[in-house]
Amino acid sequence: MTPHEVSSACIGACEVAADACSGCGRQLDDIAAWPVADGGQRLGILLQAARRLADHAPRPWPRRVRDALGNELLLDAPPQRIVSLVPSQTELLFDLGLGEQVVGLTKFCVHPEGARDGRRSVGGTKTPDLARIRALKPDFVLANREENRTEDIAAIGQFAPVYVTDVNSLPQSLAMTRAVGFALGAEARAARIAADIESAFAGLPKLDGRRCAYLIWREPWMAAGGGTFIGDIMQRLGLANVFEARSRYPELTLAELAAAAPELILLSSEPYPFKRAHGAELAAAVPQARIVSVDGEMFCWPGSRLLAAAGYCRDLLPTLVGAPGVVW
């Protein structure tokens, strides 16, 4: 097609296609340049749009996918009997429009509301009932390296395809969302969810490096350390993790916590159900700290929960600054 053959019908088609693009979920900004472009530029705009759309066109089946552990699965068709062993990813499956295909989930899969209605519980994330999972005859089992035990994943892999994710940062969560969407034939929705999350966090304001400890457990006390998804979200809020140099989830004494001198201590609602009395206990040991109760799902559920997490974090920021004491 030569430049003079480019018609308004062509650009109209590209506008429609761009709006439904499964690549990034946003309209192509190039279209806005159309009115001021000359013929050659217009052709370039159309070709660029066409390339992007072609790159993200639905892929045929069968599909060969590789999970976070490097394991390769060959999927003949979109999976129709899915078992999820990860609460945050169960919610993602529903937001991808795949709720009807979910036949089994864990007792901790509480989102979205009604997710467990009519679906078989297969135990806990660390204690799955392998016999129940086998009986469901899944054609896709969704698991996570940190949430699920290696031996359980291996055992399930003997009778069903298992796809394992591994998410320790916001970029990895976006990549996981797109990858799971592709594996299940929902890449267009997955791309839109990932794009919306990325955009929401890009505009998030930040604090100025306030020293912070994020606690996840008591008896023993445990904190989020370096290399964790929680730690990555903390950084995006402009918080300096006082245990960043310690790996994953270190155990602590109250003396070690006090010695780290946090200005701010966040008490997560999960996995340990902290109460106001625990905040008072910490205030006695670390009197210079402001101690704030936070929704743990917003800090440690990678997936579509992050659509709400950015707004939650934005609203939370003013609460993180202020005088020492317990804020509940």
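All figures in this text were calculated on a predicted structure; none of them were measured in a lab.

Draft legend 1. Inspection of the overall build of the protein chain at higher detail. On a plain count of helices and strands, the protein chain comes out with twelve helices and 14 strands. Burial statistics for the protein chain: of 328 residues in total, 48% are counted as buried. Of the contacts formed within the protein chain by residues at least 6 apart in sequence, a portion of 62% connects residues at least 24 apart. A total of about 15000 Å² of accessible surface is found on the protein chain, and carbon and sulfur atoms cover 53% of it.

Draft legend 2. Quick look at the sheet that holds strand β4 (residues 102-105). Read across the open sheet, the five strands follow the order β5-β4-β3-β6-β7; overall the sheet is parallel. What marks the edges here is a single partner per strand, and that holds for β5 (120-121) and β7 (162-165). Helix-sheet contacts for helix α6 (residues 170-183) involve β6 (140-144) and β7, and the interaxial angle to β7 is about 170°.

Draft legend 3. Inspection of the layout of surface pockets at higher detail. The calculated volume of the largest pocket comes to roughly 780 Å³. Along the wall of the largest pocket there are 30 residues; nearest its centre are Glu-146, Glu-147, Glu-270, Pro-271 and Cys-300. Mapped onto the lining of the largest pocket, the elements with two or more residues apiece are α3 (87-95), β8 (210-217) and α8 (229-236). Considering every element that reaches the lining of the largest pocket, the biggest residue donor is α3, with three residues. Across the lining of the largest pocket, the residue classes tally to 16 nonpolar, eight polar and six charged.

Draft legend 4. Expanded view of the packing of α6 against α8. With their axes 9 Å apart at the nearest point, α6 and α8 run at an angle of 115° to one another. For the pair formed by α6 and α8, the contact residues are Leu-170, Pro-171 and Ser-173 on the first element and Phe-229, Asp-232 and Arg-236 on the second. In terms of residue class, the contact of α6 with α8 is made up of three nonpolar, one polar and two charged.

Draft legend 5. Region of the structure containing the confidence of the model for the protein chain. Chain-level statistics for the protein chain give a pLDDT mean of 88 and a share of 82% at 70 or above. For residues 1-32, every residue scores under 50 in pLDDT, and the model assigns this stretch 46 contacts once sequence neighbours within four places are set aside.

Draft legend 6. Seen up close, the side chain of Ser-304. Turning to its location among the elements, Ser-304 is positioned in the loop between α11 (296-300) and α12 (306-316). Given a relative accessible area of 4%, Ser-304 falls into the buried group. Separated by 2.6 Å, the side chains of Ser-304 and Asp-95 make a polar contact. Excluding its chain neighbours within four sequence positions, the residues that come into contact with Ser-304 are Glu-91, Leu-92, Asp-95, Ile-193 and Ile-197.

Draft legend 7. A look at α6. An ideal rise of 1.5 Å per residue puts 20 Å on 14 residues; α6 measures up with 20 Å between its terminal C-alpha atoms. Trailing α6 by a residue or two, Gly-185 shows a phi angle of about 80°, which is positive.

Draft legend 8. Main features of the packing of helix α7 (residues 187-202) against α12. At a closest axis distance of 9 Å, the pairing of α7 and α12 adopts a crossing angle of 10°. Relative to α12, the element α7 is oriented roughly parallel. Of α12, the residues touching α7 (which contributes Ile-193, Asp-196, Ile-197, Ala-200 and Phe-201) are Leu-306, Leu-307, Ala-309, Ala-310 and Arg-314. A breakdown of the residues in the contact of α7 with α12 according to their chemical character gives eight nonpolar, no polar and two charged.

Draft legend 9. Representation of unusual backbone geometry in the model. Of note, the bond from Glu-219 into Pro-220 is cis; its omega dihedral lies within 30 degrees of zero at 0°. Relative to the elements of secondary structure, Pro-220 occurs in the loop between β8 and β9 (221-223). Pro-271 follows Glu-270 through a cis peptide bond whose omega is 5°. Within the fold, Pro-271 resides in the loop between β12 (264-268) and α10 (276-285). For Glu-219, which is not glycine, the phi torsion reads 60° and is therefore positive. The phi dihedral of Arg-248 is positive, around 55°, even though this residue is not glycine. One can find Arg-248 in the loop between β10 (239-241) and β11 (251-252).

Draft legend 10. Local environment of the nonpolar core. Counting residues in hydrophobic clusters, the biggest one holds 55 residues, and the most contacted among them are Phe-140, Phe-201, Tyr-214, Leu-239, Leu-266, Phe-299 and Leu-320. Among all residues touching Leu-239, those that are not within four sequence positions of it are Leu-207, Arg-210, Cys-212, Met-234, Leu-264, Leu-266 and Leu-320. In terms of nonpolar packing, the next biggest core, distinct from the first, is built from 17 residues, Leu-215, Leu-267, Leu-282 and Val-286 among them.

Draft legend 11. Up close: the packing of aromatic side chains. For the structure shown, the criterion picks out five aromatic pairs. Ring geometry for Phe-140 versus Tyr-163: centroids 5.8 Å apart, planes at 25°, classification stacked. Residue Phe-140 is located in strand β6, and its partner Tyr-163 is located in strand β7; the two are separated by 23 residues in the primary sequence. Among the residues examined, Phe-140 registers a relative accessible area of 0% and is labelled buried. Between Arg-63 and the ring centre of Trp-61, over which it is positioned, the NZ or CZ distance is 4.2 Å. Positioned over the ring face of Phe-182 is Arg-63, at 4.5 Å from the centre of the ring.

The rules behind these values
- Residues numbered from 1 in each chain as written.
- Predicted model: local features only at pLDDT ≥ 70, side-chain atom pairs only at ≥ 80, totals over all residues.
- Heavy atoms only, no water.
- Helix = DSSP H or I, 4+ residues; strand = E, 2+ residues; numbered from the N terminus.
- Buried < 20%, exposed > 50% of the residue type's maximum accessible area, 1.4 Å probe, protein only.
- Contact = heavy atoms within 4.5 Å.
- Areas by Shrake-Rupley, 256 points an atom, 1.4 Å probe, with all protein chains shown as cover.
- Pairing = 2+ DSSP bridges.
- Axes fitted to C-alpha atoms, helices over the stretch in contact; angles between N-to-C directions.
- 1 Å grid on protein atoms, 1.4 Å probe; cavity = no way out; pocket = protein on both sides within 12 Å on 5 of 7 lines; lining within 4 Å.
- Points joined across faces, edges and corners; volume = space filled by probe spheres on them.
- Nonpolar A, V, L, I, M, F, W, Y, C, P; charged D, E, K, R; others polar.
- pLDDT = per-residue confidence, 0-100.
- Polar contact = N/O pair within 3.5 Å; in protein donor to acceptor, adjacent residues only side chain to side chain.
- Expected span 1.5 Å × (residues − 1).
- Parallel < 35°, antiparallel > 145°, perpendicular 65-115°, else oblique.
- Core = buried A, V, L, I, M, F, W, Y, C linked by side-chain atoms within 4.5 Å.
- Phe/Tyr/Trp six-rings, centres within 6.5 Å; stacked < 30°, edge-to-face > 60°.
- Lys NZ or Arg CZ within 6 Å of the ring centre and 35° of its normal.

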